[in-house]
Amino acid sequence: MNLEERLEKIEAMLVVLVERQQVREWYTTQQVAQLLGKAEFTVREWCRNGRIKAERKGSGRGAYFSYAIHHGELLRFQREGLLPLKRA
């Protein structure tokens, strides 16, 4: 492996590290699941049940929607945990 190939490999690794550490304003349920080490289904259920505050966003697939979780809510969850389950 020559020097140029090694540098390209290092640059690619740096891009991955920067993307992993990048702070976003809004996160998808998939991104939050990755950050927390949980299944995406679990994060969606937390949003649906009001255990995590999230905004409903249109997905462009008819009646289906997705959730967007604000960075501040992610920080609140990491400090305090899930919100209490609301009884009907």
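Details of the structure are given in the entry above.
Everything in this summary refers to the structure shown in the same document. On a predicted model such as this, the values are computed, not experimentally measured, just so you know.

Remarks on a nonpolar patch on the surface
Okay, step 1: A cluster of nonpolar residues, L3, L7, I10, L14 and L17, forms a patch on the protein surface that exposes about 490 Å² of accessible area.
Okay, step 2: Here L14 is to be found in helix α1 (residues 3-21).

Focus: the environment of L14
Okay, step 1: Judged by its relative accessible area of 48%, L14 falls in the partly exposed class.
Okay, step 2: Each C-alpha atom, one on L14 and one on A63, is 39 Å from the other, the two residues being 49 residues apart in sequence.

Section: the packing of helix α2 (residues 29-36) against helix α4 (residues 71-80)
Okay, step 1: Taken N-terminus to C-terminus, the directions of α2 and α4 make an angle of 30°; their axes are 12 Å apart at the nearest point. When the axes of α2 and α4 are compared, the pair comes out roughly parallel. Relative to α4, α2 is oriented so that their crossing is right-handed. Two secondary-structure elements touch here, α2 through V32, L35 and L36 and α4 through L74, F77 and Q78.

Quick notes on α4
Okay, step 1: For α4, every residue scored as buried is listed here: H71, E73, L74, R76 and F77.
Okay, step 2: Check the buried side of α4 and you find it contacts β1 (26-28), α2, α3 (40-48) and β3 (65-70).
Okay, step 3: Just downstream of α4, G81 is the residue with a positive phi angle, here 90°.

As for the environment of C47
Okay, step 1: Within the secondary structure, C47 sits in helix α3.
Okay, step 2: Residue C47 is classed as buried on the basis of its relative accessible area, which comes to 7%.
Okay, step 3: Remark: the alpha-carbon pair of C47 and S66, spanning 19 residues in sequence, is separated by 9.8 Å.
Okay, step 4: Beyond its immediate sequence surroundings of up to four residues, C47 is in contact with T29, I52, A54, Y67 and I69.

Description of the sheet that holds β1
Okay, step 1: One open sheet holds the three strands; their spatial order is β1-β3-β2, and the pairing between them is antiparallel. Of all strands in the sheet, those with a lone pairing partner are β1 and β2 (55-58), marking the two edges. Across this sheet, the average inter-strand angle for adjacent strands is 45°, counted without regard to direction.
Okay, step 2: Relative to β3, β2 runs antiparallel, the two sharing four bridges. Each residue of the ladder has a partner; that of G58, found in β3, is F65.
Okay, step 3: Each of β1 and β3 touches α4; the most contacted strand, β3, lies at about 70° to it.

About the cut-offs
Residue numbers restart at each chain and count upward from 1, following the sequence in its written direction. Residue-level local features of this predicted model are given only where pLDDT is at least 70; pairs of side-chain atoms are given and counted only at 80 or more, and the full residue set underlies all totals for whole chains, interfaces and linings. Neither water nor hydrogens contribute to the side-chain values; these are computed over all heavy atoms in the structure. Exposure above 30% relative accessible area and the absence of a salt bridge qualify a residue for a patch, where like charges join within 9 Å and nonpolar side chains (Val, Leu, Ile, Met, Phe, Trp, Tyr) within 5 Å. Using the Shrake-Rupley algorithm and a 1.4 Å probe, accessible areas are obtained, with residue cover drawn only from the displayed protein chains. Salt bridge criterion: a side-chain nitrogen from Lys or Arg within 4 Å of a carboxyl oxygen from Asp or Glu. The helix count covers DSSP runs of H or I at least four residues long, the strand count covers runs of E at least two residues long, and both are numbered beginning at the N terminus. Throughout, exposure labels follow a simple rule: accessible area from a 1.4 Å probe, protein chains only, divided by the maximum for the residue type, with under 20% read as buried, over 50% as exposed, and the rest as partly exposed. Where helices are involved, their axes are fitted lines through C-alpha atoms of the stretch in contact, as for all axes, and angles between N-to-C directions lie from 0 to 180°. Roughly parallel here means an angle under 35 degrees, roughly antiparallel means over 145, roughly perpendicular means 65 to 115, and every remaining angle is called oblique. With the far helix as reference, a near helix turned anticlockwise by less than a right angle produces a left-handed crossing, and one turned clockwise produces a right-handed crossing. Two residues form a contact once any of their heavy atoms are found within 4.5 Å. Here, any two strands with at least 2 DSSP bridges between them count as paired.

Keep in mind these values describe shape, not function.
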